[in-house]
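Inside the fold
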Amino acid sequence: MFDFYRVAACVPDVSVGNTEYNLTKILEKLEEAYNYSAGIITFPELAITGYSCQDLFFQDSLLTASKRALKEIIDSTSGRKEVVIVGGPLIYDSKLYNAAYVIKNSKLLGIAIKTYIPNHNEFYEKRWFSSARDLTVSSLTLSELGLGGDKINGQDNDYIIPIGNNIIFDIEGSLKFGVEICEDLWGPMPPSNMLALGGAELIVNLSASNETIAKREYRKGLVRQQSASLITDYLYVSAGSSESTQDLIFSGHSLLCENGSVINENREFIANDYIMIADMDLGKIRHDRMKSTTFTDSVNMFKDEIRKLIILKVTDSQIPCSDGKYILVNKTPFIPSTKARRLKRCNEIFDMQVGGLVKRLQITGSNPVVGVSGGMDSTLALLVAARALEKLDRDPDDLIAITMPAFGTSDRTYNNSLELINALGTEPLIIDIKKACIQHLEDIGHDGESKDAAYENTQARERTQVLMDYANMENGIVIGTGDLSELALGWCTYNGDQMSMYGVNGSIPKTLVRWMIDAVVENDIFPEASDVLRDILDTPISPELLPPDEEGKISQKTEDKIGPYELHDFFIYYSMRFGYSPAKIYFLAKKAFEGNYSEEEIKKWMTMFYRRFFTQQFKRSCMPDGVKVGSVSFSPRGDLRMPSDASYNIWMKELENL
């Protein structure tokens, strides 16, 4: 469902050299993985015998017992749709190989052979094993492997099995995956490079990696980077602590990484006898590969090598899809989940905003002009402008901060805007626009009583005119305040707050703006402004275009009309970052916001989102310059090329059928 597939990294207890014991533990873990509905089930390197057998690998008794155990594992999968991958030795043509056996429905689909055989530091595998490069064949029969060939019901059950380091297992209708073994990942040219370019969406690594100080983080970084550079899911499973501890300790480190992100990882530092379950979302991989011209160019560059790959099509049955139970969904995908990471990200984004404005001020030789409403967006823009002047060693008075009260201005936002401007070391410029708006409404024949779009937008456009004209008078550049969420919904007045000379907030979602200001407070960047910034963070979001209530408080709350920004930012992220369908986003939203919003509410606001996103594209088509700080941006100069008259019928029909 929705390109979700479940994987299981199984690390059973091991008795080194005792294949009967290991077989029992492997079969136990298989049953457990079946109960979790895993579609890909994998075990560590040489799990059948134990990795640390050393010279026992030369013993015929161990190799024969390993074959018997492997045959029982193969037979045990009869009638099963799942793919099972288990490590064990393989002997052929008087050479011993470190192999990963790929099994499905009582059939050995293929055998991946380890390519890079370490012979350094604590590992001396070349004493026992040959490399995949030493193979003289690309396939073997079951009888040649000593695993079958007998007749069943009078029929010969012998069949050909591909072998090597270049096999892509194509489970038709499901997924494509490849296998490499431990040290292969550490090499400059891992086999997974070609496997991914050849179409593998998942790489499985069977490993027996010992633990030393800081190696776990290094290993995790290596897996993360490989999954990112190959735009793939990467499942890594390593031998547990029940391996021999003669000179080494094995930690049983398992993890699943997805295009640079850690999806799941076992928690214990030294672990054994467990299963790690995780759900992959191959929709992310397929979307990013489709968009990545670098990936496509790499495929074209290595097309001759890719032709040498063995594409094994498996047509008997698909592997089970996952119901998405273990898919991790962050309800605020633009915001890191921990305070430390959130502060770090906000600091980096703030530095990017400031850096972009510094360059623009240097080039233009102008003064920043900011319209300050007392709301969060204009506050962030003002903070960026003030910091940019600091970086340029310019006088704070060069910051032109204008507050323009009108019909909807509340006492709270008005006073906060003045206090903030003063705290930043400059004088506020107060320009009351009520008279100008009244005159304009009279000029166009508006009665001034109807609180319609013209009434509201007159104020927004008058403010923009004031800012633009004042900038002309004072060698200024108008700094835009609008954010990513407003642009997505078109919740901005065309040729009003939609327009500026440089937009510093254009790629920052509304849910993140709050935390950007919070980070400024936490880091004491403008200590004199901390108190007023806290009050601004507590102020309801409003365009303040309708008159306040009788107590002078905000009467117009944006989220009451267009819906919660946390929902819209969720929709923005998954529709724009990964191109997900409304049905898939709806599924994820229900999972993320369970207990916060009903299914009806989610569907209602999602319908609002798609309708406004399509109909308001014309506002994004002429948005001003502004730095891109994240993975989602609407700049018409590269990030979003979309016709303003595109139809949303397909998306709406899908929503109606949910």
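Details of the structure are given in the entry above.
Please read all numbers here as calculations on a predicted model, not as lab measurements.

1. Considerations on the sheet that holds strand 18 (residues 274-281)
Strands sit in the order 8-11-5-4-3-2-1-18 across an open sheet of eight strands; the sheet is mixed. Single-partner strands in this sheet number two, and they are strand 8 (139-141) and strand 18. Strand after strand, the sheet turns through a mean of 30° between neighbouring axes, direction not considered. Across three bridges, strand 2 (residues 40-42) lies against strand 3 (residues 83-92) in parallel orientation. Paired with threonine 42 across the bridge in strand 3 is isoleucine 85. Of the strands in this sheet, strand 3, strand 4 (95-104) and strand 5 (107-113) touch helix 2 (residues 60-76), which is tilted by about 155° from strand 3.

2. Let's talk about the pairing of strand 1 (residues 4-11)
Here strand 1 lies mainly inside the structure; eight of its eight residues are buried. Of the two faces of strand 1, the one lined by Phe4, Arg6, Ala8 and Cys10 and the one lined by Tyr5, Val7, Ala9 and Val11 are each fully buried. Where strand 1 and strand 18 come together, eight bridges link them in antiparallel fashion. Residue alanine 8 lies in a different strand from strand 18, and its bridge partner there is isoleucine 277. As paired elements, strand 1 and strand 2 share three bridges and run parallel to each other. Bridge pairing links alanine 8 to isoleucine 41 in strand 2. A crossover connection joins strand 1 to the parallel strand 2 through helix 1 (residues 19-35); in handedness this β-α-β unit is right-handed.

3. Examining the side chain of aspartate 288
Relative to the assigned elements, aspartate 288 resides in helix 5 (residues 282-291). Here histidine 287 takes part through its side chain, which lies 3.2 Å from a polar atom of the side chain of aspartate 288. Residues within four places of aspartate 288 in sequence aside, it is in contact with Ile231, Asn259, Arg577 and Phe578.

4. Description of the sheet that holds strand 24 (residues 502-503)
Reading across from one edge, 22-21-20-23-24 is the order of the five strands in this open sheet, with parallel pairing throughout. Of all the strands in the sheet, just strand 22 (428-430) and strand 24 have a single pairing partner and so form its edges. Here strand 20 (residues 367-371) pairs with strand 23 (residues 476-480) via three bridges, running parallel. Pairing of asparagine 367 across the sheet is with glycine 476, part of strand 23. Against the sheet, helix 12 (residues 453-473) makes contact with strand 20, strand 21 (400-403), strand 22 and strand 23, and its axis sits at roughly 150° relative to strand 23, the strand it touches most.

5. A word on the state of the cysteines
Scanning all chains against the criterion turns up zero disulfides. Looking at cysteine 321, it has no disulfide partner, and the nearest cysteine sulfur is the one in cysteine 10, 20 Å off. Free of any disulfide, cysteine 622 has its nearest cysteine sulfur in cysteine 492, 9.4 Å distant. A relative accessible area of 29% places cysteine 622 in the partly exposed class.

6. Remarks on the layout of surface pockets
The rolling of a water-molecule-sized probe over the atoms marks out the regions of remaining empty space. Space inside the largest pocket adds up to approximately 1,300 Å³. Lining the largest pocket we find 39 residues, and of these Ser261, Pro333, Arg341, Arg345 and Tyr573 sit closest to its centre. Elements with a minimum of two residues in the lining of the largest pocket: helix 4 (215-229), strand 17 (261-265), strand 18, helix 5, helix 8 (339-364) and helix 17 (565-577). Ranked by residues supplied to the lining of the largest pocket, first place goes to helix 8 with five residues. Among the residues forming the lining of the largest pocket, the class breakdown is 19 nonpolar, eight polar and 12 charged.

Calculation rules
Residues numbered from 1 in each chain as written. Predicted model: local features only at pLDDT ≥ 70, side-chain atom pairs only at ≥ 80, totals over all residues. Heavy atoms only, no water. Pairing = 2+ DSSP bridges. Helix = DSSP H or I, 4+ residues; strand = E, 2+ residues; numbered from the N terminus. Axes fitted to C-alpha atoms, helices over the stretch in contact; angles between N-to-C directions. Contact = heavy atoms within 4.5 Å. Buried < 20%, exposed > 50% of the residue type's maximum accessible area, 1.4 Å probe, protein only. Right-handed = clockwise from strand over helix to strand, strands pointing away. Polar contact = N/O pair within 3.5 Å; in protein donor to acceptor, adjacent residues only side chain to side chain. Disulfide = S-S within 2.5 Å. 1 Å grid on protein atoms, 1.4 Å probe; cavity = no way out; pocket = protein on both sides within 12 Å on 5 of 7 lines; lining within 4 Å. Points joined across faces, edges and corners; volume = space filled by probe spheres on them. Nonpolar A, V, L, I, M, F, W, Y, C, P; charged D, E, K, R; others polar.

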